[in-house]
Amino acid sequence: MATIATLPEWAALAPALTFAAAAFLLLLADAVSPEEGNPVALAGISLSGALVSLGFTVWYVVEGTGQPREGDPSDAGAIELFDATLVVDGMSLFFSAIIASVVVLVVLASYDYLQDHPYQAEYYSLVLLAATGMTMVTAANSFVTAFIAIELVSLPSYALVSSLKHNRGSVEAGLKYFLIGALSSAIFAYGISLVYVTTGSLQFDAVTSVVEGGELGGIFGLGVLMILGGIAFKIAAVPFHFWAPEAYEGAPAPISAFISSASKAAGFVLAFRVFVDVFTWEFVEPTIDWVVAIQILAIVTMTVANFAALKQEKVKRMLAYSSVGHAGYVLIALAGLTAGADHAFVLGSGMAHLLVYGFMNTGAFLYVALAEYWGVGRRIEDYNGLGAQAPFASATMTVFLFSLAGLPIGGGFVSKYYLLLASIEGEVALLAIALIVNSVVSLFYYTRVLWAIWAENPAADLEIEQYPTGLYAALALAALATVLLLPAFGPVVDLANTAAEMLV
Amino acid sequence: MVDVFNLAPAIALFPLFAFVIALFLGSRMPKGGALAGIAATGGSLVLSLWMVAELAGGNGPYQEELYTFIGGVEGEGVTLSFGLLIDPLSALMLVIVSLISFLVHVFSLGYMNDESETGLPRYYAGLGLFTFSMLAFVYSDNLLMAFMFFELVGLCSYLLIGFWFRERAPASAAKKAFLVTRFGDYFFLIGVVAIFATFGTTAFAGDESFVTAAEAVLDGEGEMNTFLGLGNQAWITVLGLLVLGGVIGKSAQFPLHTWLPDAMEGPTPVSALIHAATMVAAGVYLVARIYGFYALSPTALGIIALIGGFTAFVAATMALVKQELKQVLAYSTISQYGYMMLALGGGGYVAGVFHLTTHAVFKALLFLGAGSVIIAMHHNENMWDMGGLKSRMPVTYWTFLAGSLALAGIFPFAGFWSKDEVLYETLIHGLGDSPLLLVGFAFGLLAVVLTALYTIRMVLLTFHGDPRTDVAEDPEPVRWNVKFPLVVLGVLAVVAGALNLGTIKEVIGEENLFLHEWLDGATLSGDLGEEGALSVHHYEEVLEVHAGYGAAEFPALANGAIALVLALVGVAAAWYLYRGAEPAPHMEKLGGVRQVLVHNYYQDEYQVWLATGLTYPIARVANMFDQGVIDGLVDAVGTASVVAGERFRKIQTGVVTNYAALLALGLVLLILVFGLAGGWF
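Residue positions are given per chain, counting from 1 as you read along its sequence in written order. Following the order in which they are written, the chains are lettered starting with A and the ligands numbered starting with 1. The predicted origin of the model limits local features to residues at a pLDDT of at least 70 and limits the giving and counting of side-chain atom pairs to 80 or more, whereas totals for whole chains, interfaces and linings rest on all residues.

**A short note on the overall build of chain B**
The helix and strand tally for chain B stands at 28 helices and 2 strands. A residue is called partly exposed when the number of other C-beta atoms within 10 Å of its own lies between 12 and 20, exposed at 12 or fewer, and buried at 20 or more, with C-beta atoms placed from the backbone. Classification of the 681 residues of chain B by burial places 55% in the buried group. Look at the contacts in chain B between residues 6 or more apart in sequence, and 80% of them connect residues 24 or more apart. Helix and strand assignments follow DSSP, with helices taken as H or I runs no shorter than four residues and strands as E runs no shorter than two, numbered in order from the N terminus. Residue pairs are scored as contacts if the distance between their C-beta atoms, which are placed from the backbone, is within 7 Å.

**A few points about the overall build of chain A**
Secondary structure assignment for chain A yields 22 helices and 2 strands. Put simply, chain A has 504 residues, and 62% of those count as buried. Pairs at least 24 residues apart make up 81% of the contacts formed inside chain A by residues separated by at least 6 positions.

**Details of the interface of chain B and chain A**
Every contact between the two is made by 22 residues of chain B and, on the other side, 26 residues of chain A. Every element with two or more residues in the side of chain B that touches chain A is listed here: helix H27 (603-651) and helix H28 (656-678) of chain B. Here the side of chain B that touches chain A takes 12 residues from H28(B), the largest share from any one element. When grouped by side-chain class, the residues that make up the side of chain B that touches chain A number 14 nonpolar, 6 polar and 2 charged. The nonpolar class holds Ala, Val, Leu, Ile, Met, Phe, Trp, Tyr, Cys and Pro. Asp, Glu, Lys and Arg form the charged class, and all remaining residues, Gly among them, are polar.

**A closer look at helix H10 (residues 268-276) of chain B**
Residue and element names in this part refer to chain B. For H10, the buried fraction is high: 9 of the 9 residues fall into the buried class. Listed in full, the buried residues belonging to H10 are Thr-268, Pro-269, Val-270, Ser-271, Ala-272, Leu-273, Ile-274, His-275 and Ala-276. On its buried face, H10 sits against helix H3 (88-113), helix H4 (120-138), helix H5 (143-161), helix H11 (279-289), helix H14 (325-345) and helix H15 (349-376).

**Overview of the packing of helix H19 (residues 411-425) of chain A against helix H20 (residues 429-454) of chain A**
Pairs of packed helices are described in terms of their axes, by the angle between the two and the distance that separates them. Residue and element names in this part refer to chain A. Lines fitted to C-alpha atoms define the axes here, with helix axes fitted over just the stretch in contact, and angles between the N-to-C directions of these axes take values from 0 to 180 degrees. Close contact between H19 and H20 brings their axes to 8 Å; oriented N to C, the two are set at 155°. Classified by the angle between their axes, H19 and H20 sit roughly antiparallel to one another. Of H20, the residues touching H19 (which contributes Lys-416, Leu-419, Leu-420, Ser-423 and Ile-424) are Leu-431, Ala-432, Leu-435 and Ser-439. The residue makeup of the contact of H19 with H20, split by class, is 6 nonpolar, 2 polar and 1 charged. Between 65 and 115 degrees an angle is taken as roughly perpendicular, under 35 as roughly parallel, over 145 as roughly antiparallel, and anywhere else as oblique.

**Regarding the packing of H14(B) against helix H18 (residues 414-432) of chain B**
All names here are of chain B. As a packed pair, H14 and H18 sit with axes 8 Å apart at the nearest point and diverge in direction by 35°. In this structure, H14 meets H18 at a crossing whose hand is left-handed. Together, Tyr-339, Leu-342 and Ala-343 of H14 and Lys-419, Val-422, Glu-425 and Thr-426 of H18 make up the contact between the two elements. Residue composition of the contact of H14 with H18, by class: 4 nonpolar, 1 polar and 2 charged. Left-handed describes a crossing whose near helix is turned anticlockwise from the far helix through less than a right angle; right-handed describes the clockwise counterpart.

**As for the nonpolar core**
Soluble globular proteins tend to pack their nonpolar side chains together in the buried interior. In this structure, Ile100(B), Ile304(B), Ala364(B) and Ala493(B) are the most contacted members of the largest nonpolar core, which totals 230 residues. Examining the composition of this core, we find that 19 residues originate from one element, H15(B), more than from any other. What Ala493(B) contacts, discounting residues up to four positions off in sequence, is Val361(B), Phe362(B), Leu365(B), Ala402(B), Gly403(B), Ala406(B), Phe413(B) and Ala414(B). Working definition: the nonpolar core is a set of buried Ala, Val, Leu, Ile, Met, Phe, Trp, Tyr and Cys residues, joined through C-beta atoms within 7 Å. By size, the runner-up hydrophobic cluster in this structure holds 218 residues, among which are Met302(A), Tyr329(A), Leu663(B) and Leu667(B).

**Regarding unusual backbone geometry**
Excluding glycine, a negative phi dihedral is what most residues carry, and trans is how most peptide bonds are arranged. All names here are of chain A. A cis amide bond, omega 5°, links Val-238 with the succeeding residue Pro-239. Residue position: Pro-239 is located in the loop between helix H9 (218-235) and helix H10 (243-250). With a phi angle near 50°, Phe-82 is a residue other than glycine that sits in the positive phi range. Within the secondary structure, Phe-82 is located in the loop between strand S1 (79-81) and strand S2 (86-88). Of note in the backbone geometry, Ala-236 takes a positive phi value of approximately 60° without being a glycine. Tracing the backbone through its elements, the reader meets Ala-236 in the loop between H9 and H10. With 29 C-beta atoms packed within 10 Å, Ala-236 lands in the buried category.

**Points about H10(A)**
Burial runs high along H10(A): 8 of the 8 residues are buried. Listed as buried for H10(A) are Trp243(A), Ala244(A), Pro245(A), Glu246(A), Ala247(A), Tyr248(A), Glu249(A) and Gly250(A).

**What to know about the environment of Leu164(A)**
All names here are of chain A. Relative to the assigned elements, Leu-164 resides in the loop between helix H6 (143-161) and helix H7 (168-199). Leu-164 gets classed as partly exposed once you count the C-beta atoms within 10 Å, which come to 18. Along the sequence, Leu-164 and Leu-114 sit 50 residues apart, while their C-alpha atoms lie 9.9 Å from each other. When residues no more than four places from it in sequence are discounted, the contact partners of Leu-164 are Ser-170 and Pro-252.

**Description of the environment of Gly90(A)**
Residue and element names in this part refer to chain A. Structurally, Gly-90 is set in helix H4 (residues 90-113). Taking the number of C-beta atoms within 10 Å as the measure of exposure, Gly-90 has 27 and is therefore buried. Along the primary structure Gly-90 and Ala-500 are separated by 410 residues, whereas in three dimensions their C-alpha atoms are 7.6 Å apart. Gly-90 has contacts with Gly-66, Gln-67, Thr-498, Ala-499 and Met-502, leaving out every residue within four places of it along the chain.

**Brief notes about the confidence of the model for chain B**
In predicted models, pLDDT denotes the confidence assigned by the predictor to each residue on a 0 to 100 scale. In this model, chain B carries a mean pLDDT of 83, and residues with pLDDT of at least 70 account for 97%. Across the interface, the model reports ipTM at 0.84; the global pTM reads 0.65.

**As for the confidence of the model for chain A**
Overall, the prediction assigns chain A a mean pLDDT of 87, with 97% of residues at 70 or greater. By mean pLDDT, helix H1 (residues 2-6) of chain A is the weakest element of chain A at 51, and H6(A) is the strongest at 92.

Here it is as structure tokens:
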């Protein structure tokens, strides 16, 4: 409360501004001494930026910035900026926290991963600029800001995916990502324009008031579906997921972690905001029943991704499909918003799952980064016997994968359980069944990796000499968070529910 | 003052500690952990005696819930807990179990240590766990807890019978004991669940107990859930019979008695423990424990009595032709437990408990005596290889003789008093209004003759006459650790009958029947309050009201005279047949009958056929169903998933134009579907 009194309102954007400032500081540092680039300093600046941003976010959450105060109605308290084109509320802060946490882990891991990489300053600054974009997405309250923020995420991402310039896979993946991304952006922009045509406004609240006015017709429905398509690209939901396996596999592993965790979270926050708040279901339903559309998306996404993951031979590609599958799980948070459901609970479950997912999925990709750092190869059988050589790191990987599968070793168990409850709350039996069946399927392919790590005999020439501090620290942090979220899930889900309460 | 009952849990925990110590430290301790076991069972014995003294002094009874592992919702559901119940019956049983176990531990020094057996820590650990399980079973305050320790007792017997597991016979005998008793335990388990379903509790004592609840229902003062459309009393009978399944298995009653003779493959002290105080006694004790429940159902009582009487008789016939010392004793055990069942079924609660007590003493004595003989004979158990041991091992002989006379039911040894009381109680209730009991009584009388015959035959063949082998000529001496338990038990076998001189109650007066008074709680100050449900006079009332057991007038002395005469007939016959220096194997004259008896009426054969000829083919069909259909289904799902995975994987061609096309196609599809549904066009 003191925050509001002492800080100007624009300070509510501090998490995003910090990222931007750190990015520019990096470019400045690189401009000062371009030749003998100092990796420690560059990583240090990035890490500090991410930590400060995370600090701001946590501080705001604790202080109750942008959230209803004691006695307020549940939708009060949001801080609106720039003619309400940006908004800072519980939802945006919750997602800023996820994004900043992932950035911390990714930067930590990148320090080791980027050894001898020639363009470190550019790499870090691109990461931070993308993070800026993601944080802006969480606060977007107008289609304009949303689109610009999304592009601010996408453009650095394309570059980051192909940042291993001499690696054919990396470059090819970047190009594919860019092409599909351009197509999706076009669809997204077209959808926005159609919504503008029918409602005459781009600002969310204004659109909402028109939507509540009554019948809108097919053009509006078309716009809604196209916006859904644009967002589905960002969260990598089937059939807009084709870029994901390619991009994740080609990209440097920390970037795969970054895109699959943070970028996905940014996509989801936009989805939550646009569909729950703007295209309010009870008014839009006669034109386009988006709950059913998302139910279809969710089930198809879960099923296709998990079954495709079954037969993958490369770990990173398998994780890519797993992350697509998780997008399907989180979509339950929207697909379960049927008329009778407790909307805050359903939405909050999805948010909480994204938080847990941010740690466990990032952790899993960082283990792959570690394996790439050691140069052990990309296929599952290349991981044979890693458990004996690197027991600690492999133990964290066990935690990540089992938590992703939903075993009670990490927060993934409870969050998936809440998603199940949410699908039951929404009375969509098919979602619940799909969730359970796919979780069972996923256990199979996660276990394949763990079997290779722990049970198989290593190849004769497997010899690990270095245990990089940064990567290990990132793995340890992620594992700690994943495990701690099991007992600490209660407060997290409360926070998510409160934030969701403001929207519904 | 310290409430001594707070120490009650320690009675069972001492042997548990001994188990842990023997298991982990036994190999580093002198005597392989025996001393820990002796100290522990000694401690249990002292504490048990203290409990008895406390109860006799007018305190208690004591019931305490120690640990609730599932707490039911207030007023609903069931509560599962561990608790203690120390009343006259359980206190008496605690003394018996800890005393026998203590003596068996001492005896084991001679039987196991002095014979240089290996694996002693395992042996003493097994004894400790066995004793622990039985003691905990005895003071359980609810049926579920009793069931758990009942099963643990079964497990321990498996471990100990199969102590020499490298040999074929003990391993197989252990398995048999486990499986056969398990067969009965299935029914017991169903019974426990059914009692939970019916009454919502399995407590033995107190206003809330299922025994009290069942009685209240029959008095028309309460309600209970019945199943299968049965009436209240019929359902109570079903429950009682289900629990009885476990009793028949454990107490080796016909037709589940077949495991017990095989169990002789275990070390002899273990046999003593199994037969006298643990395992086998557990079944009969359980009936006594919930006697108030059985007393409600004349049908259940009748079945108990008939099974008991029949078992007593059949087992005695089989004992007649056995050549090995321990085999004779094994069948005599089956027979004697049959008497106890007969007593309980015939309305003789005190008689049943009395015979349980005296039998514990003299059967432990006989087994330990047999163990002593076996040591002397270098582990040859065939009685036809013995003879003439009387003068060479006098302590064993005289104590063994005392035990044998007690078993044969000769005045004034302990067995006479208790067996006579069993028969007397059955007779007076049979003459009352339950003529069916007279059939059991007739079996019991016949068994008296046979018991005396095979017992004295055993004594004569073993100890009298001329030595028939070189080993018998010069047997190995035994030490104090063998003789001490024999002497203690020998004395008890002579005097234990004084607990309840029922035969001469007309002479000494009813109030001097100590065991009767004890079980009636008359020694306790005042009324037992809510615990009054566990007293003899209450049982008698229930028997009269609900089971229709009336007692006819019959002079106790006359019955005693009949029993004694019959026993003496048996003794005389044995003496006539097997006296002299060179007794002949008279039983061979029985010809075909002997063959049937030697083969134990082909009980084993048909049970083996049941297992291999009937159960095994059914199991094979079930297995085929499981492997073919269930597993096949699961495998098919897995295969289908993998194939589907392969298909889904192939969508990802790597060609970016394909992706763009599919993406656009997907969007168009969505638009088409929702456009048509929403009526946009």
